[in-house]
Amino acid sequence: MTESHSRVAIVTGAGRGIGATVAKRLAADGFAVALLDLNEDGVRQGAEAIVAGGGKAIGVGLDVSDAEQVDTAVTRVADELGPPTVLINNAGITRDNLLFKMTEQDWDSVLGVHLKGSFLMTRAAQKYMTEQGWGRIVNLSSVSALGNRGQVNYSAAKAGMQGFTKTLAIELGKFGVTANAIAPGFIATDMTAATAERVGMDFETFKKAAAEQIPVRRVGEPEDIAHLASFLVSEGAGFISGQVIYAAGGPRD
Ligand code: NAD
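Residues numbered from 1 in each chain as written. Predicted model: local features only at pLDDT ≥ 70, side-chain atom pairs only at ≥ 80, totals over all residues. Heavy atoms only, no water.

**Some details on the domain arrangement of the chain**
One widely used convention gives an interface's size as the accessible area the parts lose upon coming together. Basically, it comes down to this: Each domain's extent is set by a domain assignment, obtained either automatically or from a database. Only heavy atoms enter the contact rule, under which two residues are in contact if any of them lie within 4.5 Å. Computed with a 1.4 Å rolling probe, the buried area is the accessible surface lost when two parts are put together, summed over both parts. A side-chain nitrogen of Lys or Arg and a carboxyl oxygen of Asp or Glu constitute a salt bridge if their distance falls within 4 Å.
Per the domain assignment, the segments making up the chain are domain 1 (8-185 + 222-245) and domain 2 (186-219). The centre of domain 1, based on its C-alpha atoms, is set 23 Å off from the matching centre of domain 2. Listed per partner, the contact involves 13 residues of domain 1 and 8 residues of domain 2. Carbon and sulfur atoms supply 56% of the area buried between domain 1 and domain 2, which totals about 830 Å² over both sides. There are 3 salt bridges connecting domain 1 and domain 2.

In structure tokens form, the structure reads like this:
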């Protein structure tokens, strides 16, 4: 194992929640980190905090579902931090509704951010990884990939992320690039807080009810996902590729 490749990571959806925590963790692991998000203020602040702590980071505003913005952002990362070799496709949204009430817009926007966004980001970043002969791609799937009432769009997108990951692993393996998916269960973030609000529940009560259904009897925290991402992008994880790892406090299939 050599460490001659560049150590530059891109994390999408890094303006808050899981992405912000993953970015912080990868910076602590020694990566220069590009935090990308629609929320430009969020990523600017996140990058400033990393730099203040002695790390290297930049924040870039973009919409991951826009090809031109993606290409511009990835080129900027390569120019300012060096060739990106780690990509965490984490940006995500929910537009939950039962099938009969779901609009085309709800469908298109969820598929657009998760699937098209990950495709565009990966297409732009893979060129640097293959040139470096080393790369790590981590895609955020979800337990919802297995089916979840009110989430026909999100569950299709998150199941799609699994097929996408496996195909990346097959195509990019010979270039020293691995691709894996993390499928989280309930993680306490603004996304799950919004779900609690939508169903008319106080977030603490909502988390307590969720924890009762989880074998380890607690909900997940963004750090639980950051820990796994840190492992998957590590030097030693090079023989693990095309896997979907459920981080849900218990088994899933
Ligand atoms: P979050 O809503 O807190 O953060 C998502 C971030 O993505 C936000 O900062 C948002 O601005 C950004 N984003 C949304 N659309 C974007 C776009 N078009 N371009 C760029 N950035 C965009 O969500 P989270 O809970 O931190 O979730 C992160 C990822 O993990 C998502 O892919 C989500 O589907 C997945 N996930 C979350 C949970 C959970 O329980 N929280 C469970 C399983 C999977």
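Picking up after the structure, the text goes on.
**With respect to the sheet that holds strand β3 (residues 57-61)**
Heads up, the condition is: Should DSSP find at least two bridges between two strands, the strands are regarded as paired. Note on conventions: DSSP H or I runs of at least 4 residues are helices, E runs of at least 2 residues are strands, and numbering of each starts at the N terminus. For helices, the axis comes from a line fit to the C-alpha atoms of the stretch in contact; other axes are also lines fit to C-alpha atoms, and the angle between any two N-to-C directions lies between 0 and 180 degrees.
Strands sit in the order β3-β2-β1-β4-β5-β6-β7 across an open sheet of 7 strands; the sheet is parallel. Looking at strand neighbours, the two that pair on one side only are β3 and β7 (244-247), the edges of this open sheet. Pairs of neighbouring strands in the sheet enclose a mean axial angle of 15 degrees, with direction left out of account. Where strand β4 (residues 86-89) meets strand β5 (residues 135-140), 4 bridges bridge the pair, whose relative direction is parallel. Bridge pairing in β5 links Leu87 to Ile137. Of the strands in this sheet, β1 (8-12), β2 (32-37) and β4 touch helix α1 (residues 17-28), which is tilted by about 170 degrees from β1.

**Regarding a nonpolar patch on the surface**
The condition that has to hold: Patches in this entry comprise residues that are over 30% relatively accessible and not in a salt bridge; like charges within 9 Å are linked, as are nonpolar side chains (Val, Leu, Ile, Met, Phe, Trp, Tyr) within 5 Å. The protein chains shown are the only cover counted for residues, whose accessible areas, like all others here, come from Shrake-Rupley with a 1.4 Å probe.
A contiguous nonpolar surface patch, about 290 Å² in accessible area, is contributed by Leu99, Trp107 and Val152. Within the secondary structure, Trp107 sits in helix α4 (residues 104-132).

**Some details on the pattern of salt bridges**
What counts is decided by this rule: Per-residue accessibility, obtained with a 1.4 Å probe over protein chains only, is compared with the maximum for each type, and a residue is labelled buried under 20%, exposed over 50%, and partly exposed between these values.
Tallied over the full model, the rule gives 8 salt bridges. Residues Asp224 and Arg218 are paired through a salt bridge, measuring 2.9 Å at the closest nitrogen-oxygen approach. When its relative accessible area of 29% is taken as the criterion, Asp224 is described as partly exposed. In this structure Arg218 comes out as partly exposed when scored by relative accessible area, which is 41%.

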